[in-house]
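Descriptive analysis of the structure
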Amino acid sequence: MPTDFANQILKLVAQIPPGQVTTYRILAVASGHHHSARAVGNALNKNPELIKIPCHRVVRSDGLVGNYRLGRTEKIKLLQAEGIESSNGRIKDFYQHLFYFK
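All of these numbers come straight from a predicted model, not from anything done at the bench. (Residues numbered from 1 in each chain as written. Predicted model: local features only at pLDDT ≥ 70, side-chain atom pairs only at ≥ 80, totals over all residues. Heavy atoms only, no water.)

**Considering the packing of aromatic side chains**
Throughout the structure, instances matching the rule amount to 2 aromatic pairs. When the centroid spacing of 5.0 Å and the interplanar angle of 85 degrees are considered together, the rings of Phe-99 and Phe-101 count as edge-to-face. Judged by relative accessible area, which is 16%, Phe-99 ranks as buried. Given a relative accessible area of 18%, Phe-101 falls into the buried group. (Phe/Tyr/Trp six-rings, centres within 6.5 Å; stacked < 30°, edge-to-face > 60°. Buried < 20%, exposed > 50% of the residue type's maximum accessible area, 1.4 Å probe, protein only.)

**Describing the environment of Thr-3**
Note on placement: Thr-3 falls in the segment before helix 1 (4-13). Considering only alpha carbons, one finds Thr-3 and Arg-69, 66 residues apart in sequence, at a separation of 18 Å. One polar contact links the side chain of Thr-3 to the main-chain amide nitrogen of Ala-6, over a distance of 3.0 Å. (Helix = DSSP H or I, 4+ residues; strand = E, 2+ residues; numbered from the N terminus. Polar contact = N/O pair within 3.5 Å; in protein donor to acceptor, adjacent residues only side chain to side chain.)

**A look at the packing of helix 1 against helix 3 (residues 37-45)**
Packing of helix 1 against helix 3 leaves a shortest axis separation of 9 Å and a crossing angle of 80 degrees. Taken together, the axes of helix 1 and helix 3 lie roughly perpendicular to each other. Here Phe-5, Ala-6, Ile-9, Leu-10 and Val-13 of helix 1 lie close against helix 3, whose contacting residues are Ala-39, Val-40, Ala-43 and Leu-44. Residue classes in the contact of helix 1 with helix 3 are distributed as 9 nonpolar, no polar and no charged. (Axes fitted to C-alpha atoms, helices over the stretch in contact; angles between N-to-C directions. Parallel < 35°, antiparallel > 145°, perpendicular 65-115°, else oblique. Contact = heavy atoms within 4.5 Å. Nonpolar A, V, L, I, M, F, W, Y, C, P; charged D, E, K, R; others polar.)

**Quick notes on the pattern of salt bridges**
In the structure shown here, the tally under the stated rule is 3 salt bridges. Among the ionic pairs, Lys-52 bridges to Glu-49, the shortest N-O distance being 3.4 Å. On the basis of relative accessibility, which here comes to 34%, the residue Glu-49 falls in the partly exposed class. A salt bridge links Asp-62 to Arg-60; the nearest nitrogen and oxygen atoms lie 2.6 Å apart. (Salt bridge = Lys/Arg side-chain N within 4 Å of Asp/Glu carboxyl O.)

**Quick notes on helix 4 (residues 72-81)**
Residues of helix 4 that are buried include every one of Lys-75, Leu-78 and Leu-79, and no others. Axial view of helix 4: buried residues confined to an arc of 95 degrees, hence all on one face. Facing away from the buried side of helix 4 by more than 90 degrees, the exposed set consists of Thr-73 and Ala-81. Of the surrounding elements, those touching the buried residues of helix 4 are helix 2 (24-30), strand 2 (58-59) and strand 4 (90-91). Phi for Gly-83, located one or two positions after helix 4, is positive at around 90 degrees. (Arc of directions from axis to C-beta.)

**A closer look at the nonpolar core**
In terms of nonpolar packing, the biggest core is built from 30 residues, with Val-13, Leu-27, Val-40 and Leu-44 touching the most fellow members. Those elements that provide at least two residues to this core are helix 1, helix 2, helix 3, strand 2 and helix 4. Take this core: its biggest share by element is 6 residues, from helix 1. The residues contacting Val-13, other than those within four sequence positions of it, are Leu-27, Leu-44, Ile-53, Pro-54, Cys-55 and Val-58. (Core = buried A, V, L, I, M, F, W, Y, C linked by side-chain atoms within 4.5 Å.)

What follows is the structure in structure tokens.
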């Protein structure tokens, strides 16, 4: 059963539109836990509804795709299906795809 923090993160992730990505750090800040980027990753690793809650749209702050429970290759395929290209594990045009929470 997800913690309150994990539920908060999953609700935020559900807001990321197709074709856009955000970062673990941006999610930490949006949740009010500014220094909890690693905890965000742990919460996403326990996502009970992959795809429906699109944690594949969360990437590293340096533009690298990062980890995914189903593997990086699957994450890259999912992002590519949404029009987000990558090269050598790094998002192309990273800042053009970056989503910030309001």
